[in-house]
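Notes for the structure review
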Amino acid sequence: IAASLVAMAIPGSTASAVPNEYIESFTTTAYRDNAANLAHWNTVAGRLELPPLATATLSAYITGAARDVVVRGDLAFVADGPQGLRIFNINNTAAPSLVGTYDTPGFARGVAVAGEHAYVADDASGLLVISIANPAAPTLAGSYNTSGSAMGVAVSGNVALIADFVGLQSLNISNPASPTLTSTTYPPSGNVYDVAIDGDQAYVAIGSAGMYVFSLA
């Protein structure tokens, strides 16, 4: 930005407002505020540069082979590879504490949470529906053995979409104890690794083939 124009109306003694204009130039530091608030006034290029977003590690909890994580309130649900599902209390982000675990039979690669259930993409074991009504003691509520290898999962309403490596499987989960297959979509090429839902659209990661968008309407 070489310059910015600020216009404002100041009430005066007459009936009409008196316009006041000020053109700010970033080629001078005369009007710069405290350097702690602005990153850099580039007087050569004539622009204001904001600081890059800096992140800091608050804490760490070493798990088995964490592949995915979802946060709901004070709980974090981790798809932890051979360790299955792990649930952490993150009320104190400086010191997450393990609340409960469920050792899935496969390799937990993805997790989604809806209501009182966690939906785990468990590789060769397909989709597992785990009750988290009591996070300290999660229990198996239902399952569906997909035709491929469940890599990722997304849930919206009564629909669970499974990135099943060979294709995208859609399941009806209106009864979490007994998910049923409603459709399977195979991409023209590539393998399906992950999926996200936004409204009536599914966004699917298909490896070297890139991202595909599917309509759910």
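Residues numbered from 1 in each chain as written. Predicted model: local features only at pLDDT ≥ 70, side-chain atom pairs only at ≥ 80, totals over all residues. Heavy atoms only, no water.

1. A look at the pattern of salt bridges
Per the stated rule, a full pass over the model turns up two salt bridges. The salt bridge involving Asp80 is made with Arg86; its shortest N-O contact spans 3.4 Å. Residues Asp80 and Arg86 agree in their burial class; the two are buried. Between Arg109 and Asp123 there is a salt bridge; the shortest N-O distance is 2.5 Å. Pair noted here: Arg109 is in the loop between strand S8 (97-102) and strand S9 (110-114) and Asp123 is in the loop between strand S10 (117-121) and strand S11 (127-131), with a separation of 14 residues, a long-range link. (Salt bridge = Lys/Arg side-chain N within 4 Å of Asp/Glu carboxyl O. Buried < 20%, exposed > 50% of the residue type's maximum accessible area, 1.4 Å probe, protein only. Helix = DSSP H or I, 4+ residues; strand = E, 2+ residues; numbered from the N terminus.)

2. Observations regarding the sheet that holds strand S12 (residues 139-144)
Pairing is antiparallel across the open sheet formed by four strands, whose spatial order is S9-S10-S11-S12. In this open sheet, the two edge strands, each paired with only one partner strand, are S9 and S12. Neighbour to neighbour, the strand axes of the sheet diverge by 25 degrees on average, direction disregarded. Relative to S11, S10 runs antiparallel, the two sharing five bridges. Its bridge partner lying in S11, Val120 is registered against Leu128. (Pairing = 2+ DSSP bridges. Axes fitted to C-alpha atoms, helices over the stretch in contact; angles between N-to-C directions.)

3. Thoughts on the nonpolar core
Ranked by internal contacts, the top residues of the largest apolar core, which has 15 residues, are Phe77, Leu85, Val111 and Val120. The biggest single contributor to this core is strand S6 (residues 75-79), with three residues. By size, the runner-up hydrophobic cluster in this structure holds 11 residues, among which are Ala150, Val153, Leu171 and Ile173. (Core = buried A, V, L, I, M, F, W, Y, C linked by side-chain atoms within 4.5 Å.)

4. So, unusual backbone geometry
Despite not being glycine, Asp123 shows a phi value in the positive range, around 55 degrees. Taking relative accessible area as the criterion, Asp123 reaches 15% and is therefore assigned buried. The backbone of Phe165 sits at a positive phi, close to 65 degrees, despite the residue not being glycine. You can see Phe165 is positioned in the loop between strand S14 (159-163) and strand S15 (168-172). With a relative accessible area of 28%, Phe165 lands in the partly exposed category.

5. Some points on the packing of aromatic side chains
We describe a pair of aromatic rings using the distance from one ring centre to the other and the angle between the two ring planes. Counted according to the given criterion, the structure contains three aromatic pairs. Ring centres of Phe165 and Tyr193 lie 5.7 Å apart, and the angle between their planes is 85 degrees; on these two criteria the pair is classed as edge-to-face. Pair noted here: Phe165 is in the loop between S14 and S15 and Tyr193 is in the loop between strand S16 (180-185) and strand S17 (194-198), with a separation of 28 residues, a long-range link. Summarising the aromatic geometry, the rings of Tyr212 and Phe214 are spaced 6.2 Å apart at their centres and angled 20 degrees between planes, so their arrangement reads as stacked. (Phe/Tyr/Trp six-rings, centres within 6.5 Å; stacked < 30°, edge-to-face > 60°.)

6. Some details on the sheet that holds S17
Backbone-to-backbone hydrogen bonds join strands into a sheet, with any given pair of strands oriented parallel or antiparallel. Read from one edge of the open sheet, three strands run S17-S18-S19, paired in antiparallel fashion. At either margin of the open sheet sits one strand with a lone partner, and together these are S17 and strand S19 (211-215). On average, each strand axis in the sheet is inclined to that of its neighbour by 20 degrees, with strand direction left out of account. In terms of strand pairing, strand S18 (residues 201-205) meets S19 through five bridges, oriented antiparallel. By the bridge assignment, Ala205 is partnered in S19 with Met211.

Functional significance is not addressed by these values, which are geometric in nature.
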